[in-house]
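# Geometric and topological summary
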Amino acid sequence: MRACVVGAGGLGGPMAIALADGGVEVTVLDGDVVELSNLHRQVHFTMADLGAPKAPALAGRIGARARGLVERFTADRADALAGDADLLVDGSDDPATKFLVADWARARGRPYAIAAALRYGGNVFTGAGDAACYRCLFEEPPDDAPTCGDAGVLGPLVGWIGGVAAERALRLAAGDATVAGRIWVLDDLRRGGPRELAITRRPGCRCGS
């Protein structure tokens, strides 16, 4: 089983580590380098990694089951980067990338998990087969969505959400379709625990065409 993990930051790190521990070979994609401001939430990096490309540094922490590529998941490179992946997992901090990952995976029949975190909350969407897709829920990327760099995020939160995403992704990889077309949501850590919603296919969504 091979997985493509998009992002090596606060979400991508825990996801890649958990997937590798679950026996999956992971390819990690990230075009950024480690910065001091990352360390409170990207605990797979240390001061010794400052200035280093994130993807190879994370792969080095994981070991033989991982490789890191200093690349971004883009439309023109997606086939080359993820063509041999059985599973896609997104932990990027960019809505457009999340939609691209979901669209590419859906079009090629690959199961996928999309994780997001901001401030005190976040979510994990999982898709596969004919279940509702990411666009059935969110439709289009927002034009002005804040990033973790803009709005901040509670450090331990990304580990929790990344772990949930990896667990769901491993279930998809094992053929468990019960988690497809569902979203796990933590609205605000300060106000209560998570909830889970089953999403129905939206009439007119491109996934039905």
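Located above this text is the structure these notes cover.
Here's a quick rundown of the structure. (Residues numbered from 1 in each chain as written. Predicted model: local features only at pLDDT ≥ 70, side-chain atom pairs only at ≥ 80, totals over all residues. Heavy atoms only, no water.)

## Some thoughts on the side chain of Ser92
Here Ser92 lies in the loop between strand 4 (87-90) and helix 4 (95-107). Here Asp90 takes part through its side chain, which lies 2.9 Å from a polar atom of the side chain of Ser92. Those residues within four positions of Ser92 in sequence are excluded, and the remaining contacts are Val6, Thr97, Lys98 and Ala115. (Helix = DSSP H or I, 4+ residues; strand = E, 2+ residues; numbered from the N terminus. Polar contact = N/O pair within 3.5 Å; in protein donor to acceptor, adjacent residues only side chain to side chain. Contact = heavy atoms within 4.5 Å.)

## Here's the deal with helix 2 (residues 54-62)
What helix 2 keeps buried is the set Lys54, Ala55, Ala57, Leu58 and Ala59. Structurally, helix 2 contributes buried residues whose contacts are with helix 1 (12-21), strand 2 (25-29) and strand 3 (66-69). (Buried < 20%, exposed > 50% of the residue type's maximum accessible area, 1.4 Å probe, protein only.)

## With respect to helix 1
When helix 1 is considered as a whole, its buried residues turn out to be Gly12, Gly13, Met15, Ala16, Leu19 and Ala20. The buried residues of helix 1 occupy an angular sector of 165° when the element is viewed end-on, so they sit on one face. Where helix 1 is buried, its residues meet strand 1 (2-6), strand 2, helix 2, strand 4, strand 5 (112-118) and helix 7 (155-173). One or two steps after helix 1, the chain reaches Gly23, where phi turns positive at roughly 95°. (Arc of directions from axis to C-beta.)

## What about the pairing of strand 2?
Summarising burial for strand 2: four of the five residues are buried, a large majority. Looking at chain direction, strand 2 and strand 3 are connected through four bridges and run parallel. Bridging from a neighbouring strand, Leu29 pairs with Leu69 of strand 3. In this fold, the crossover linking strand 2 to strand 3 by way of helix 2 has right-handed handedness. (Pairing = 2+ DSSP bridges. Right-handed = clockwise from strand over helix to strand, strands pointing away.)

## Examining unusual backbone geometry
Both trends apply: most residues other than glycine have a negative phi, and most peptide bonds are in trans. Residues other than glycine seldom take positive phi values, yet Arg119 does so here, at roughly 55°. With respect to the secondary-structure elements, Arg119 resides in the loop between strand 5 and strand 6 (121-127). Relative accessible area serves as the criterion here: at 44%, Arg119 is assigned to the partly exposed category. The phi dihedral of Glu139 is positive, around 70°, even though this residue is not glycine. Mapped onto the elements of the fold, Glu139 is located in the loop between helix 5 (134-138) and helix 6 (148-151). Take Glu139: its relative accessible area is 40%, and that puts it in the partly exposed class.

## What about the packing of helix 1 against helix 7?
Interhelical geometry of helix 1 versus helix 7 gives an angle of 40° and a closest axis separation of 8 Å. If you check the angle between helix 1 and helix 7, you find them oblique. In this structure, the crossing between helix 1 and helix 7 has a hand that is right-handed. Two secondary-structure elements touch here, helix 1 through Pro14, Met15, Ala18 and Leu19 and helix 7 through Val158, Gly159, Gly162, Gly163, Ala165, Ala166, Ala169 and Leu170. For the contact of helix 1 with helix 7, the class distribution of residues is nine nonpolar, three polar and no charged. (Axes fitted to C-alpha atoms, helices over the stretch in contact; angles between N-to-C directions. Parallel < 35°, antiparallel > 145°, perpendicular 65-115°, else oblique. Left-handed = near helix turned anticlockwise from the far one by under 90°. Nonpolar A, V, L, I, M, F, W, Y, C, P; charged D, E, K, R; others polar.)

## Quick look at the environment of Leu39
Looking at where Leu39 falls in the secondary structure, it is placed in the loop between strand 2 and helix 2. Leu39 gets classed as buried once you look at its relative accessible area, which sits at 18%. A C-alpha to C-alpha distance of 16 Å links Leu39 and Trp160, two positions 121 residues apart in sequence. Setting aside residues no more than four positions away along its own chain, Leu39 makes contact with Val34, Phe45, Thr46, Met47 and Leu50.

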